[in-house]
Amino acid sequence: GIAVVAGSGEYVNLSPGEREQVIRISVEHAANRIQVIAGVLAPDTRAAVSSARTACAAGADALLVLTPYYNKPSRAGIVGHFKDVSDATDRPILVYNNPSRTGIHLTTDDYLALAEAGPPSTGAPAFVGGQWQDANLSLEPWGVEIARL
């Protein structure tokens, strides 16, 4: 798939209307040949749910959801964040871990807590300090697939 309005700066530098337009145009041009994964990079759960719903309405096939930034929720808060976004949509969620931008580093235990909570995650990209970390060996027994974007 292709990720649009995600972590390369376009999400934070576009208005909500512009993000929706980028998703719609991307979906139109992808024409069901490839999945469109829309970024959901919000500082709080309410904004993330709103962005996720907008992305789904614009035709996104999946959502790349960042941990909340600025706020530093507990593990229960992080699980609640992803579960609320998941419950608000019918699309697969990719958990986006980017601690250099959020101040939160998701651990294997966090991913396991997310998997146990039951959001329909299809993968979990983990970006740390310019290097990808692959947790496949730790998470495979729990059915969590790690994607590299």
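Above this text you will find the structure in question.
Read on for an overview of the structure. The structure displayed is predicted, hence computed values, not measured ones.

This next bit is on the overall build of the protein. Summing up its helical and strand segments, the protein has seven helices and seven strands in all. Traced from its N-terminal end to its C-terminal end, the protein shows the element sequence β-α-α-β-α-β-α-β-α-α-β-β-β-α. For the protein, with 149 residues in total, the buried portion stands at 42%. Accessible surface, the protein as shown: approximately 7700 Å² in total, 49% of it carbon and sulfur.

With that out of the way, let us pick up the nonpolar core. Counting residues in each nonpolar core, the largest one holds 37 residues, and the members touching the most others are Ile23, Leu63, Val65, Phe82 and Val85. When contributions to this core are tallied by element, the ones reaching two or more residues are α2 (16-30), β2 (36-40), α3 (45-57), β3 (62-66), α4 (75-87), β4 (93-96) and α6 (108-117).

Right, let's get into the pairing of β2. Counting buried positions along β2 yields five of five residues, so the element is predominantly enclosed. Pairing of β2 with β3 involves four bridges; the strand directions are parallel. When the bridges of β3 are listed, Ile37 appears paired with Ala62. A crossover links β2 with its parallel partner β3, the connecting element being α3, and its sense is right-handed.

Next up on the list: α2. Given a rise of 1.5 Å per residue, 15 residues ought to cover 21 Å, and the 21 Å separating the end C-alpha atoms of α2 matches this to within 8%. Regarding α2, the residues found buried are Arg19, Ile23, Ser26 and Ala30. Within α2, the buried residues cover an arc of 65° as seen down the axis, which keeps them to one side. Away from its buried face by more than 90 degrees, α2 exposes Glu28 and His29. Those residues of α2 that are buried lie in contact with β1 (2-4), α1 (10-13), β2 and α3. Ala31, located one to two residues past α2, shows a positive phi value of around 45°.

Here we come to the packing of α3 against α4. Between α3 and α4, whose axes approach to 9 Å, the crossing angle comes to 30°. Viewed along their axes, α3 and α4 adopt a mutual orientation that is roughly parallel. When the axes of α3 and α4 are compared, the crossing they make is right-handed. On α4, the residues that touch Thr45, Ala48, Val49 and Ala52 of α3 are His81, Asp84 and Val85. Broken down by class, the residue content of the contact of α3 with α4 amounts to four nonpolar, two polar and one charged.

Moving on, we come to the pairing of β3. Across the five residues that make up β3, a large majority, five, are buried. Alternating residues of β3 divide into Ala62, Leu64 and Leu66 and Leu63 and Val65, and every residue in both groups is buried. Note that β3 and β4 share four bridges and pair parallel. Paired with Leu64 across the bridge in β4 is Leu94.

About the thresholds
- Residues numbered from 1 in each chain as written.
- Predicted model: local features only at pLDDT ≥ 70, side-chain atom pairs only at ≥ 80, totals over all residues.
- Heavy atoms only, no water.
- Helix = DSSP H or I, 4+ residues; strand = E, 2+ residues; numbered from the N terminus.
- Buried < 20%, exposed > 50% of the residue type's maximum accessible area, 1.4 Å probe, protein only.
- Areas by Shrake-Rupley, 256 points an atom, 1.4 Å probe, with all protein chains shown as cover.
- Core = buried A, V, L, I, M, F, W, Y, C linked by side-chain atoms within 4.5 Å.
- Pairing = 2+ DSSP bridges.
- Right-handed = clockwise from strand over helix to strand, strands pointing away.
- Expected span 1.5 Å × (residues − 1).
- Arc of directions from axis to C-beta.
- Contact = heavy atoms within 4.5 Å.
- Axes fitted to C-alpha atoms, helices over the stretch in contact; angles between N-to-C directions.
- Parallel < 35°, antiparallel > 145°, perpendicular 65-115°, else oblique.
- Left-handed = near helix turned anticlockwise from the far one by under 90°.
- Nonpolar A, V, L, I, M, F, W, Y, C, P; charged D, E, K, R; others polar.

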